[in-house]
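As a plain string of letters, each chain reads:
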Number of protein chains: 2
Amino acid sequence: MLEIERKFLVKSDAYRMEAFDKKEIIQGFLNTHPDRTVRVRLSGNKGFITVKGRTDAEGITRFEWEREIPAVEVRALLEICEPGVIRKVRYLVRSGEHLVEVDEFAGENEGLVVAEIEMNEINEFILKPDWLGDEVTGEPKYYNSQLSKKPYTTWKNV
Amino acid sequence: MLEIERKFLVKSDAYRMEAFDKKEIIQGFLNTHPDRTVRVRLSGNKGFITVKGRTDAEGITRFEWEREIPAVEVRALLEICEPGVIRKVRYLVRSGEHLVEVDEFAGENEGLVVAEIEMNEINEFILKPDWLGDEVTGEPKYYNSQLSKKPYTTWKNV
């Protein structure tokens, strides 16, 4: 129930060649408060509801609770989510012991590509692929809950 | 997934004699926005997560989605809920074709007793028990999501 995650920008699309799977994700938020976000997600043909707590000071760990629910129920819940549903394609890549999830955002977040690495411990060694760019762990503007309200294409100096 | 419900104040405690069951309820909110509330509830030893949409103009119908989840998970989620966890004892009473849920609030809402009747159709006939008082259907201050923020004991002229 504790998520430990680091987040990076991406320098090239070489991850596409290394990916062993990809899926389309559509997600909305029932709440985007920093202390408690509630997300519903369609990932391929699966559905999920996820609650996350506040991120710790370093921006790495966070309470997380998730349940799989029928896709048809996610579709109904998406109807009442906050404005700003997020669409992205997620590529799954293995790097050493870790799974790297590379999200290519679409729609109002088109152009943004972010890689997330979920870890078991905070100080775990990460074998970084060449295409991994600057670390943005803990930067609120890259949170999906924030991207739904202030999408990438509206940022200045992008 | 559509909840049709009427709500009443209660004039006496005669419902206690008529109740066929009662249970303790502890609940918190992950969101109290009028367009989308997210509630977690311990009801006896069962746990639930519930999403409700905006109430219609008459205050009677509302989108509702609910899943049973383990009580231990509700306890973890209660930790990150908005301040103002609600405690109440719920009495279950049958009246004609309907189930009447009478909630005796505790803590900061001590003194408030509210009866809810869930219906299948909006204009359904309700056999009203003698102890049922004024109807308060659609009055936001009686929503549990509002009682968590502005509890009954803080109301003026109560």
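From a predicted model like this one, the values you see are computed outputs, not experimental measurements.

What counts, and where the lines are drawn
Residues numbered from 1 in each chain as written. Chains lettered and ligands numbered in written order. Predicted model: local features only at pLDDT ≥ 70, side-chain atom pairs only at ≥ 80, totals over all residues. Heavy atoms only, no water. Helix = DSSP H or I, 4+ residues; strand = E, 2+ residues; numbered from the N terminus. Buried < 20%, exposed > 50% of the residue type's maximum accessible area, 1.4 Å probe, protein only. Polar contact = N/O pair within 3.5 Å; in protein donor to acceptor, adjacent residues only side chain to side chain. Contact = heavy atoms within 4.5 Å. Phe/Tyr/Trp six-rings, centres within 6.5 Å; stacked < 30°, edge-to-face > 60°. Lys NZ or Arg CZ within 6 Å of the ring centre and 35° of its normal. UniProt positions renumbered as here; feature names shortened; annotations may be inferred. Least-squares fit on C-alpha atoms with pLDDT ≥ 70 in both.

Let us look at the side chain of Thr32(A). Residues and elements named next belong to chain A. Assignment of secondary structure puts Thr 32 in strand β2 (residues 21–33). Taking relative accessible area as the criterion, Thr 32 reaches 6% and is therefore assigned buried. A distance of 3.0 Å separates polar atoms of two side chains, one belonging to Thr 32 and the other to Glu 82. With near-sequence residues (within four places) excluded, Thr 32 lies in contact with Thr 37, Glu 82, Ser 145, Gln 146, Ser 148 and Lys 149.

It is worth spelling out the environment of Phe125(B) at this point. Counting through the fold element by element, Phe125(B) comes out in the loop between β8 (113–119) and β9 (132–135). Sequence spacing of Phe125(B) and Phe20(B) is 105 residues, and the spatial spacing of their C-alpha atoms is 22 Å.

The final tally for this structure, using the stated rule, is eight aromatic pairs over all chains. Between Tyr15(A) and Trp131(A), the aromatic rings sit 5.7 Å apart at their centres with planes inclined by 65°, giving edge-to-face as the arrangement. With a gap of 116 residues between them, Tyr15(A) in helix α1 (residues 15–18) and Trp131(A) in the loop between β8 (113–119) and β9 (132–135) connect regions that are remote in the sequence. The exposure class assigned to Tyr15(A) is buried, which follows from its relative accessible area of 2%. One cation-aromatic arrangement involves Arg94(A) over Phe20(A); the distance from NZ or CZ to the ring centre is 4.1 Å. Residue placement shows Arg62(B) over the ring face of Tyr143(B); its charged tip is 5.6 Å from the ring centre.

Turning to the UniProt feature "domain: CYTH" (unreviewed entry) in chain A, a few remarks are in order. Under the local residue numbering, the UniProt record ascribes the feature "domain: CYTH" (unreviewed entry) to residues 1–149 of chain A. Here residues 1–149 of chain A runs as 11% helix and 52% strand, with 26 Å between its end C-alpha atoms.

Placing chain B over chain A gives an RMSD of 0.0 Å and needs a rotation angle of 180°, together with 0.0 Å of translation along the axis. What we have between these two chains is a two-fold relation. The rotation axis passes nearest to the C-alpha of Asn31(B) in chain B, at a distance of 3.1 Å. When you check the interface residues of chain B against chain A, 100% turn up at the interface there too, and the contact is symmetric in its surfaces.

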